Amino acid sequence: MEIRYATPSDLDSLLDLLQANHANNVPDDEKKNGFVTTNITKEQLCDLIDKENGVTVAVDGGRVVGFALAGSWDYWKPWPLFSYMIDILESYELDGQTMTTENSYQYGPICVDKAYRGTGVFEKVFTFSLESMADRFPYMVTFINQINPRSYAAHTRKGGMTESGKFDWNGNHYWMMAIRTK
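The structure reproduced in this document is the subject of the present report. Starting afresh in each chain, residues are numbered from 1 along the sequence in its written order. Two thresholds apply to this predicted model, a pLDDT of at least 70 for residue-level local features and 80 or more for giving and counting side-chain atom pairs, whereas whole-chain, interface and lining totals are computed over all residues. As a rule here, side-chain values come from all non-hydrogen atoms in the structure, and water together with hydrogens is ignored.

Side note on the sheet that holds strand 8 (residues 162–169)
For two strands to count as paired, DSSP must find a minimum of two bridges between them. Per the convention used, a helix needs a DSSP run of H or I reaching at least four residues, while a strand needs a run of E reaching at least two, with both numbered from the N terminus. Strands sit in the order 1-2-3-6-7-9-8 across an open sheet of seven strands; the sheet is mixed. The strands lining the two open edges of the sheet, one partner per strand, are strand 1 (2–5) and strand 8. Strand-to-strand twist across the sheet, computed as the mean angle between neighbouring axes with direction ignored, equals 25 degrees. In terms of strand pairing, strand 8 meets strand 9 (residues 172–180) through seven bridges, oriented antiparallel. Counted as the bridge partner of Phe 167 is Tyr 174 from strand 9. Whether two residues touch is decided by their heavy atoms; if any such pair falls within 4.5 Å, the residues are in contact. Structural elements are reduced to axes, namely lines fitted to C-alpha atoms, with helices fitted over the stretch in contact, and the angle between N-to-C directions of any two is expressed from 0 to 180 degrees. Each of strand 2 (55–60) and strand 3 (63–71) is contacted by helix 2 (residues 42–52), which is oriented at about 60 degrees to strand 3, the strand it contacts most. Contacting strand 1, strand 2, strand 3, strand 6 (104–112), strand 7 (139–145) and strand 9, helix 5 (residues 121–132) crosses the sheet at an angle of about 160 degrees to strand 6.

These results come straight from atomic positions and should not be treated as a statement about function.
Okay, structure coming up:
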């Protein structure tokens, strides 16, 4: 297995993994095992690769089996949820430091193929993604839907992230999470 930055040739496989694990496609009784909610197009992913170098992939046998997205707040601001997060970002802090669009970036979603969960792929993709932005930003920020406790457990136990607070948006309840990049 290889952990690396994504290239355009990874996009179809990455989108297949995203769609298979998107909340719209995961039966309710399986959501306890994790899901993603972000919708992103192939063109937007290309942009994230080109402008932010913000797509980490785990590839096995030529197929993407895990990925994490990361980018500056400027990249994410066209999405309504991220625009809302930018508006409330300065109400959150880590280690006494207020989160801002200048000192932090948005990470996520992260997704691991069901067959690879519990094998260390999450940790490898998370760490690579975190280290990839460390020279640009001292903090990584993300949000986790409160109906996704598997993701919360993975990010706190395996990723070492800290809950910085909670917020509500569009009828959903989220944990705001943060971690130092170095």
